[in-house]
Protein chains: 2
Amino acid sequence: MTQMLSEEKIFVQTQILRPQLDVEGFRLVSGAFLPELEIAYETYGTLNAYQSNAIFICSHLTSDAHAAGWHSEDDKQPGWWDEMIGPGKSIDTLRHFVIASNMLGGCKGTTGPASIDPRSGKPYGSNFPVIEIADIVNVQRLLTKNLGIDVLEAVIGGSLGGMQALQWTVSYPDKVKKCMGIATAASLSAQALGFEVIGRKVILEDSSFRMGDYYSDGKGPDRGLRLARMIGHLTYLSSASMDTKFGRQHREGIKPGKFETDFSIESYLDHKADAFVGRFDANSYLHITYAMDCFDLARSYGSLEDAFKKTQAEFLLVALSSDWLFPPEQTRDITRVLLKQGKVASEITLNSPYGHDAFLLEVENLGRVIESFLNPVDHTPFPGIRKDSVTESSRRSREKQETIFNSTEDFVRLRDLIEPQSHVLDVGCGDGSLIDFLWKTKRVTGVGIDIDLDSVVACLAKNVPVFQTNVDEGLADVGTGLFDYAILNRTLQEVRHPVMLLRELLRVAKKGIVTFPNFAHLRNRVSLAIQGVMPISESLPYSWHNTPNIHLFSYADFEALCKSEGIHIECALSIGRSVLSRLLVKTGFLNLGAEYAIVRISYQNKPSASINPT
Amino acid sequence: MTQMLSEEKIFVQTQILRPQLDVEGFRLVSGAFLPELEIAYETYGTLNAYQSNAIFICSHLTSDAHAAGWHSEDDKQPGWWDEMIGPGKSIDTLRHFVIASNMLGGCKGTTGPASIDPRSGKPYGSNFPVIEIADIVNVQRLLTKNLGIDVLEAVIGGSLGGMQALQWTVSYPDKVKKCMGIATAASLSAQALGFEVIGRKVILEDSSFRMGDYYSDGKGPDRGLRLARMIGHLTYLSSASMDTKFGRQHREGIKPGKFETDFSIESYLDHKADAFVGRFDANSYLHITYAMDCFDLARSYGSLEDAFKKTQAEFLLVALSSDWLFPPEQTRDITRVLLKQGKVASEITLNSPYGHDAFLLEVENLGRVIESFLNPVDHTPFPGIRKDSVTESSRRSREKQETIFNSTEDFVRLRDLIEPQSHVLDVGCGDGSLIDFLWKTKRVTGVGIDIDLDSVVACLAKNVPVFQTNVDEGLADVGTGLFDYAILNRTLQEVRHPVMLLRELLRVAKKGIVTFPNFAHLRNRVSLAIQGVMPISESLPYSWHNTPNIHLFSYADFEALCKSEGIHIECALSIGRSVLSRLLVKTGFLNLGAEYAIVRISYQNKPSASINPT
């Protein structure tokens, strides 16, 4: 993954759009109107002739239109997501035309409570109307239209920006091709609401707040805003990262007042809050956090299903492992609904220690995830499977067991068990090669599940929707009957609860296809019976102590289990390289001759399809 | 576990002790003096003739001396830990004499900032000196001495109360027999400090605070205290429990002001904060939280090791799985040090969804843990192992495999590999029977490790120190060379990383003793070679798909691994019930005849002990 990182600073300027409005002004969802509207925005890269390469970056709570580049040589730092956006970077401005803006209600150039109300000639203050996330997105839509863009290639945002990205796909279901939400949610959790609520209360309690009309004498509710920012700031960090960064260190040269401390964390909070008060307006903080708290796609549209019903976007949702403000379960809630509706949706949980803030800090892995999602590469056409997209750290099991199994010939055998144009779930999908192959050769669509990050990124890079999760935790997030086939390719022997997983396969799909090494293969029997040691073979290539294969079983064992579970084995194929193996299988000794078994299963009481590939 | 729960209300009264002090008064750690001291306390049960049954309950941040019973018929609720303390309850007042008090600096009868300073005749207010947790404990010691008690049978506390309990063992190392700390830490984490710091700031920012001298006109910093309590309250709850309890529910009949919401969580916080302001003093809140924040045993005594060096107490530390204010890792930090010092220490992590508050709410499991710790029962003397202490839900593997292995005869064979009076670690110790047996028959001391709660409680009930952890996560928390022997009894085949664990065994102990089922036993070979199915036998009693034995291997496999790891097999014994098995082993065919193998291992370069039990 080479990055053509530009060494030169890119200079940009924030621009102001004053869009043409109706006579009454800009209509908010509430029915209220803003008589005038200004939108502060920046763009990076060049819009192509078809206006098809525009990416909208939705900003988070306290960020502004200055997402990338530098305003001047004297700047101390570039835009807030400059590490991600630029020529040759993950959001590559050599390819894409990138737009960022200050959100409605903000205080950095777009109309907000501190703007002058043309009706009174004074700042709006307490007269600024209540806004919703949908209003913020409507303003963004107005901006993109004014820039000559009808359909966005992608909309991307983290945290509150992710909420906006989701709202885009709901408000403008045919105007967004790809939606990426990072560390976000369809509504805040009770805990996050609690901290938000307290944050607003400390501002409202500040005697300088005066209902929001504090602009005239320049004395705003700074003390309240300071405290609110401190509370918020703590929720953006993880406990582990705070322990690493501050621990119980004491800061030198501080003379704390009574009941204050010289702990580093206290001076850090003081410092951050002071800086924030200098750059943010309390009314904007109140309006935007209130909009965030009230954001609830399920409530606004009846249900999450109803909210996303019409969207045509492909989704990628990225959760962060240590994010407790927007915890990964909330991302899962969205993915579950999208999967259920057959939308093209992927989900990744990045392992990061930095808490919610990681979407700004954890650039390396997030960068390659974004890159793979935005620019999937059409790999070598089949037959002939690319291996080079799997990186070093991919699961060893894949790499080694591929030597015997993962050849095109075997994919072909598996494919022959599947009807054309059906929909499959590949549980333990690795780099997505099988789904990619099924799509290219039989127009079979599929969703993959895997726990390994490299595998998941490889799937995205092949345009294979993928859901990063631990198969040992089951398929609980996959809706019933969503798929025609669920495939368990060389995975059953690796899971903790094989029976549970088999049942789950046949819950989420009409049929299951399972491949596994047969422990009763002739060579394995000889190894144990004669040599008294655990077999190591092509199909079971590991030592007993470092094998991922934690459940060993024979074809006969599998057959007996299916019988007791009421599962029908529709057909069973075998793979055995040696002549003797093939001969044994041909003469009916499958359990003795098969190195690998491939079986298609279904529940007996359900009618089976007509394919009989044997 | 029958509980003689009293159906009648027990009535108690809070009493006030005015202890005799030196002329200057009560000396604080800082060197300052309190001219007078009053201590509010309650007692439950009867002190025995030897004064040996006294248990001190240390209260948490906002609780008082009224820990149990009822003050009057009109009370709406009993004392704050009444579910735990009383006749026949977990802290059984028919057996123990229980003492609780309001802490120094509090506002419920014990001297605090709202008390009258005899020197001025006015409340202390801003003149109340800074206090430390050690001061709070010194006052408690004064109280117990005045009650005629020299040595406490136990000191128990949760959260801040747990900090006091730890401080007791440090300040009075020979005056506490047992110490139980629940959801506590040797110092607050950076995250917890952060929330504390903000909580104090909102009080200090309240214009009614006036440096703490607000008693004269009855107008205190109620708004600040309300907000501080809200912040604190959120940290006591888990996100999951808040989602369950509040979610995004809206409360009916509320007319929220601008930027307020009708979310249930907001009205809950308002309600809780209002109630708190009515019963707590802001100065007490500041003083006690400040003492809690500055509590740092490692810093105060040079290191945690130094702090605990002299203590003679037996420890039980209980962490709560969803507690993010006092996270389980902080409990682990204490246990690690105690283990390293050879103290008698146990640690349990209770699986609870309720967050930090669970130490007050999660009564069932906590209750039986406390009960087992306080009143271990001396079980039937060996030989002859009690099985009835293992409850239903104990690991099935134990129960089943016991049929072949866990008889006294087998314990005897294992014991013969161990020197008298040595110190052992039993990894995967189950109910502690082996350690108990080794103690009773050979004065071998031991510590157990197990993940199962029932097993851990059974260990406590046998007075076997135990450390609840997942062996798959390794023995990282066990110091190097702490033990003479580390035992892995029927556990190696169940772990994810057998080689890592073997290395760990020989890191933490001089020798390892490992027992495991031999997969190359004659019967197993026959099963696979002839029948083509996975063996089910006495030593491997499970079906392939629901076995906890995730790594199958033969004695020969084990031998080969030891060779490649440079591990010396000092001696190998076998267990085989059948005559043929015994004959095979006798004639040298250990790998064919042994159903179970018992081996003692060490690193080759270390000299082995002289025992040769064969």
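Nothing here was measured: the structure is a model prediction, and the numbers come from that model. (Residues numbered from 1 in each chain as written. Chains lettered and ligands numbered in written order. Predicted model: local features only at pLDDT ≥ 70, side-chain atom pairs only at ≥ 80, totals over all residues. Heavy atoms only, no water.)

Here we come to the overall build of chain A. In terms of helices and strands, chain A carries 21 helices and 21 strands. When its C-alpha atoms are laid out on the principal axes, chain A stretches across 95 × 60 × 50 Å. Counting over 614 residues, chain A shows a buried share of 62%. Sequence separation of at least 24 residues holds for 73% of the intrachain contacts in chain A that already meet a minimum separation of 6. In the structure as shown, chain A presents an accessible area of about 23400 Å², 50% of it carried by carbon and sulfur atoms. Averaging the coordinates of the 62 positive side-chain charges in chain A and doing the same for the 74 negative ones gives two points 5 Å apart. (Helix = DSSP H or I, 4+ residues; strand = E, 2+ residues; numbered from the N terminus. Buried < 20%, exposed > 50% of the residue type's maximum accessible area, 1.4 Å probe, protein only. Contact = heavy atoms within 4.5 Å. Areas by Shrake-Rupley, 256 points an atom, 1.4 Å probe, with all protein chains shown as cover. Lys, Arg positive; Asp, Glu negative; His and termini not counted. Charge placed at Lys NZ, Arg CZ, Asp CG, Glu CD.)

It is worth spelling out the packing of helix H3 (residues 190-205) of chain A against helix H6 (residues 264-279) of chain B at this point. Direction vectors running N to C along H3 of chain A and H6 of chain B enclose 60°, while the axes themselves pass 9 Å from each other. Judged by the inter-axis angle, H3 of chain A sits oblique to H6 of chain B. The way H3 of chain A lies across H6 of chain B gives a crossing that is right-handed. Only Ile 265, Glu 266, Leu 269 and Asp 270 of chain B of H6 of chain B make contact with H3 of chain A, whose side of the interface consists of Ala 190, Leu 193, Gly 194, Val 197, Ile 198 and Lys 201 of chain A. (Axes fitted to C-alpha atoms, helices over the stretch in contact; angles between N-to-C directions. Parallel < 35°, antiparallel > 145°, perpendicular 65-115°, else oblique. Left-handed = near helix turned anticlockwise from the far one by under 90°.)

Here the focus is the relation of the copies chain A and chain B. For the pair chain A and chain B, the relating rotation is 180°, the translation along its axis is 0.1 Å, and the fit reaches an RMSD of 0.1 Å. Within this description, the copies of the chain are treated as partners about a two-fold rotation axis. In terms of proximity to the rotation axis, the leading residue of chain A is Ile 550 of chain A, whose C-alpha is 2.3 Å off the axis. A symmetric contact is evident, with 100% of the interface residues of chain A recurring at the interface of chain B. (Least-squares fit on C-alpha atoms with pLDDT ≥ 70 in both.)

So, on to the state of the cysteines. Residue and element names in this part refer to chain A. Scanning the model with the defined rule gives zero disulfides over all chains in all. We note that Cys 562 lacks a disulfide partner, and the nearest cysteine sulfur, in Cys 571, lies 12 Å from it. Judged by its relative accessible area of 1%, Cys 562 is buried. (Disulfide = S-S within 2.5 Å.)

Moving on, we get to the confidence of the model for chain A. Residues and elements named next belong to chain A. Confidence in the prediction for chain A averages 90 pLDDT; 92% of positions are at 70 or higher. Confidence over residues 607-614 falls short of pLDDT 50; this stretch has 17 contacts with residues more than four positions distant or in other chains. Our summary of model confidence lists the complex with pTM equal to 0.91 and ipTM equal to 0.90. (pLDDT = per-residue confidence, 0-100.)

In this structure the tally under the stated criterion is 66 salt bridges over all chains. When the shortest N-O distance is used, the salt bridge between Asp 416 of chain A and Arg 415 of chain A registers 4.0 Å. Residue classification places Arg 415 of chain A among the buried residues on the basis of a relative accessible area of 17%. Across the pair Glu 565 of chain B and Arg 503 of chain B runs a salt bridge, and its minimum N-O distance is 2.8 Å. Highlighted residues: Glu 565 of chain B in helix H19 (residues 555-565) and Arg 503 of chain B in helix H17 (residues 498-508), separated in sequence by 62 residues. (Salt bridge = Lys/Arg side-chain N within 4 Å of Asp/Glu carboxyl O.)

We now examine the packing of aromatic side chains. Applying the stated rule across the entire model yields 41 aromatic pairs over all chains. The interplanar angle of 80° and the centroid separation of 5.9 Å between the aromatic rings of Phe 195 of chain A and Trp 324 of chain A together place this pair among those described as edge-to-face. Of this pair, Phe 195 of chain A sits in helix H3 while Trp 324 of chain A sits in the loop between strand E13 (314-320) and helix H10 (328-340), and the two are 129 residues apart along the sequence. Ring geometry for Phe 280 of chain A versus Tyr 285 of chain A: centroids 6.4 Å apart, planes at 90°, classification edge-to-face. Each member of the pair, Phe 280 of chain A together with Tyr 285 of chain A, is buried. Three or more aromatic residues link up through ring pairs in this structure, and these residues are Phe 195 and Trp 324 of chain A together with Phe 195 and Trp 324 of chain B. Positioned above the aromatic ring of Trp 70 of chain B is the side chain of Lys 9 of chain B, whose terminal nitrogen or guanidinium carbon lies 4.0 Å from the ring centre. (Phe/Tyr/Trp six-rings, centres within 6.5 Å; stacked < 30°, edge-to-face > 60°. Lys NZ or Arg CZ within 6 Å of the ring centre and 35° of its normal.)

Another aspect to go through is the environment of Ala 597 of chain B. Residue and element names in this part refer to chain B. Structurally, Ala 597 can be placed in strand E21 (residues 596-603). Each C-alpha atom, one on Ala 597 and one on Gln 164, is 48 Å from the other, the two residues being 433 residues apart in sequence. Other than its neighbours up to four places away in sequence, Ala 597 contacts Val 514, Thr 515, Phe 516, Tyr 555, Leu 573 and Ser 574.

As a packed pair, H3 of chain A and helix H4 (residues 222-236) of chain B sit with axes 10 Å apart at the nearest point and diverge in direction by 165°. The orientation of H3 of chain A with respect to H4 of chain B, classified from their angle, is roughly antiparallel. Remark: the crossing between H3 of chain A and H4 of chain B carries left-handed chirality. Residues Gln 191, Gly 194, Phe 195, Ile 198, Lys 201, Val 202 and Glu 205 of chain A of H3 of chain A lie in contact with H4 of chain B, whose contacting residues are Arg 223, Leu 227, Met 230, Ile 231 and Leu 234 of chain B. Considering only residue class, the contact of H3 of chain A with H4 of chain B consists of seven nonpolar, two polar and three charged. (Nonpolar A, V, L, I, M, F, W, Y, C, P; charged D, E, K, R; others polar.)

What follows covers the side chain of Ser 574 of chain B. Relative to the helices and strands, Ser 574 of chain B resides in strand E20 (residues 567-575). Ser 574 of chain B has contacts with Arg 413, Val 585, Leu 590, Ala 594, Tyr 596 and Ala 597 of chain B, leaving out every residue within four places of it along the chain.

In this section: the interface of chain A and chain B. Across the boundary between the two partners, chain A contributes 81 residues, which contact 81 residues of chain B. For the pair chain A and chain B, the summed buried surface comes to about 7000 Å²; carbon and sulfur atoms form 64% of the total. Among the residues chain A hides against chain B, the three largest losses belong to Arg 248, Phe 259 and Trp 544 of chain A. Together they make up 13% of the total. Counting across the interface, chain A meets chain B through ten salt bridges. Two residues, Glu 266 of chain B and Lys 201 of chain A, come together in a salt bridge whose shortest N-O distance is 3.0 Å. The interface formed by chain A and chain B contains 34 residue pairs in polar contact (both at pLDDT 80 or more). (Buried area = accessible area lost by both parts, 1.4 Å probe. Polar contact = N/O pair within 3.5 Å; in protein donor to acceptor, adjacent residues only side chain to side chain.)

On to the nonpolar core. Counting 178 residues, the largest nonpolar core has Phe 308 of chain A together with Phe 308 of chain B as the members making the most contacts within it. Among the nonpolar cores identified, the runner-up in size contains 84 residues, and Phe 467, Val 495 and Leu 552 of chain A together with Ile 569 of chain B belong to it. (Core = buried A, V, L, I, M, F, W, Y, C linked by side-chain atoms within 4.5 Å.)

Turning to helix H12 (residues 363-374) of chain B, a few remarks are in order. For an α-helix the count is 3.6 residues per turn, leaving residues at separations of three or four pointing the same way. Counted at 1.5 Å a residue, the expected span for H12 of chain B with its twelve residues is 16 Å, and the 16 Å between its end C-alpha atoms agrees. Turning to H12 of chain B, its buried residues are Val 363, Asn 365, Leu 366, Gly 367, Arg 368, Val 369, Ile 370, Glu 371, Ser 372, Phe 373 and Leu 374 of chain B. (Expected span 1.5 Å × (residues − 1).)

Attention now moves to the pairing of strand E21 (residues 596-603) of chain A. Residues and elements named next belong to chain A. When you tally the buried positions in E21, you get seven out of eight residues, the bulk of the element. The pairing of strand E19 (residues 509-517) with E21 spans six bridges and is classified as antiparallel. Looking at E21, one finds that Gly 512 is bridged to Ile 601. Where strand E20 (residues 567-575) meets E21, eight bridges bridge the pair, whose relative direction is antiparallel. Its bridge partner lying in E21, Ile 575 is registered against Tyr 596. (Pairing = 2+ DSSP bridges.)

Let's shift gears to helix H1 (residues 133-146) of chain B. Residue and element names in this part refer to chain B. Between the first and last C-alpha of H1 there are 20 Å, a value that for 14 residues agrees with the 20 Å anticipated at 1.5 Å per step. Judged by how many residues are buried, H1 sits mostly within the fold: eleven of 14 residues are covered. Those residues of H1 lying buried are Ile 133, Ala 134, Asp 135, Ile 136, Val 137, Val 139, Gln 140, Arg 141, Leu 142, Leu 143 and Thr 144. The positive-phi residue at the C-terminal boundary of H1 is Gly 148, with phi of around 85°.

Another aspect to go through is unusual backbone geometry. All names here are of chain A. A positive phi angle, near 45°, is found at Arg 210, a position not held by glycine. Here Arg 210 is to be found in the loop between H3 and helix H4 (222-236). The phi dihedral of Arg 490 is positive, around 55°, even though this residue is not glycine. Residue classification places Arg 490 among the buried positions, given a relative accessible area of 4%.

For the rest of this paragraph, the subject is the environment of Gln 167 of chain A. Residues and elements named next belong to chain A. Here Gln 167 shows up in helix H2 (residues 160-171). Taking the C-alpha atoms as reference points, Gln 167 and Ala 186, 19 residues apart in sequence, are found 8.9 Å from one another. Once residues lying within four places of it in the same chain are set aside, the contact partners of Gln 167 are Ile 133, Ala 134, Val 137, Tyr 172, Phe 295, Leu 297 and Tyr 301. Of the polar contacts made by the side chain of Gln 167, one reaches the side chain of Tyr 301; its length is 2.9 Å.

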